[in-house]
Amino acid sequence: QLQASGGGLVQAGGSLRLSCVASGRTFSSYGMAWFRQAPGKEREFVARIRWSGDYTYYADSVKGRFTISRDNARNTVYLQMNSLKPEDTAVYYCAKDDRPRQTKLVVPPNEYDSWGRGTQVTVSS
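These numbers come from a predicted model, not from an experiment. (Residues numbered from 1 in each chain as written. Predicted model: local features only at pLDDT ≥ 70, side-chain atom pairs only at ≥ 80, totals over all residues. Heavy atoms only, no water.)

Engineer: Would you mind going over the overall build of the protein chain with me for this structure?
Structural biologist: Helices and strands together make up the secondary structure of the protein chain, namely zero helices and eleven strands. Its C-alpha atoms give the protein chain principal-axis dimensions of about 40 × 25 × 25 Å. Of all 125 residues assigned to the protein chain, the portion counted as buried reaches 43%. Accessible area for the protein chain stands at about 6,600 Å²; split by element, carbon and sulfur atoms hold 46% of it. Across the protein chain, the 17 positively charged side chains and the 11 negatively charged ones have centroids separated by 5 Å. (Helix = DSSP H or I, 4+ residues; strand = E, 2+ residues; numbered from the N terminus. Buried < 20%, exposed > 50% of the residue type's maximum accessible area, 1.4 Å probe, protein only. Areas by Shrake-Rupley, 256 points an atom, 1.4 Å probe, with all protein chains shown as cover. Lys, Arg positive; Asp, Glu negative; His and termini not counted. Charge placed at Lys NZ, Arg CZ, Asp CG, Glu CD.)

Engineer: Looking at this structure, how should I read unusual backbone geometry?
Structural biologist: Only a minority of non-glycine residues have a phi that is not negative, and only a minority of peptide bonds are not trans. Despite not being glycine, Ser83 has its phi angle at roughly 50°, a positive value. Note on placement: Ser83 falls in the loop between β8 (76-81) and β9 (90-97). Unusually for a residue other than glycine, Arg101 sits at a positive phi of about 50°. Owing to a relative accessible area of 49%, Arg101 belongs among the partly exposed residues under this scheme.

Engineer: Please explain the nonpolar core as it appears in this structure.
Structural biologist: Soluble globular proteins tend to bury their nonpolar side chains together. Ranked by size, the top nonpolar core spans 28 residues in total, and within it Trp34, Leu79, Met81 and Tyr92 carry the most contacts. Secondary structure elements with two or more residues in this core: β1 (2-5), β3 (16-22), β4 (32-37), β5 (44-49), β7 (66-71), β8, β9 and β11 (119-124). At four residues, the largest contribution of residues to this core is made by β3. Leu79 has contacts with Leu16, Arg17, Leu18, Trp34, Val46, Ala47, Phe66, Thr67, Ile68 and Tyr92, leaving out every residue within four places of it along the chain. The next biggest cluster of nonpolar side chains, apart from the first, holds five residues, and it includes Ala33, Phe35, Val107 and Tyr112. (Core = buried A, V, L, I, M, F, W, Y, C linked by side-chain atoms within 4.5 Å. Contact = heavy atoms within 4.5 Å.)

Engineer: Help me out: how do you make sense of the sheet that holds β7 in this one?
Structural biologist: What links the strands of a sheet is backbone hydrogen bonding, and the strands pair in either a parallel or an antiparallel sense. The sheet built from four strands is open, its strands ordered β1-β3-β8-β7 with antiparallel pairing. Looking along the sheet, the strands with just one partner apiece sit at the ends: β1 and β7. Going from strand to strand, the sheet's axes swing by 15° on average, the running direction of each strand aside. In this structure, β1 lies alongside β3, joined through four bridges in antiparallel fashion. Across the sheet, residue Gln3 finds its bridge partner in β3, namely Val21. (Pairing = 2+ DSSP bridges. Axes fitted to C-alpha atoms, helices over the stretch in contact; angles between N-to-C directions.)

Engineer: What am I meant to see in the pairing of β11 here?
Structural biologist: Consecutive side chains of a regular strand alternate in pointing toward one face of the sheet and then the other. Side chains of β11 alternate between two faces, with Thr119, Val121 and Val123 buried and Gln120, Thr122 and Ser124 left unburied. Relative to β11, strand β2 (residues 8-11) is paired through four bridges, and the arrangement is parallel. Residue pairing across strands places Gln11 opposite Ser124, the latter belonging to β11. With three bridges joining them, β9 and β11 adopt antiparallel strand pairing. For Tyr92, the partnering residue across the bridge sits in β11 and is Thr119.

Here you go:
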């Protein structure tokens, strides 16, 4: 199971750090990702970190502003969000690869399982 937290209301230009805690003892073997869904829109990919922690990948819309990281000792993946914009407003979800030691650098949404409940991020202008 995944539990995301850290969302809230912030002014444009501000920062938030999201956390996602995973249960289980094999967290370090799985790649993790963040997705988001705004009202009336499709869910979209935000960022991914490979199981080994040596590779990250971002959507163009957040590149240079968001940073994904992981702490395997805490079974936690983070999303540091800086220079937030109103268009970043959405419910943010974390997700875990559906297989250990995934070798793909870019993973389609249907190859994730264990979606967290989500945390709301609202950016005011």
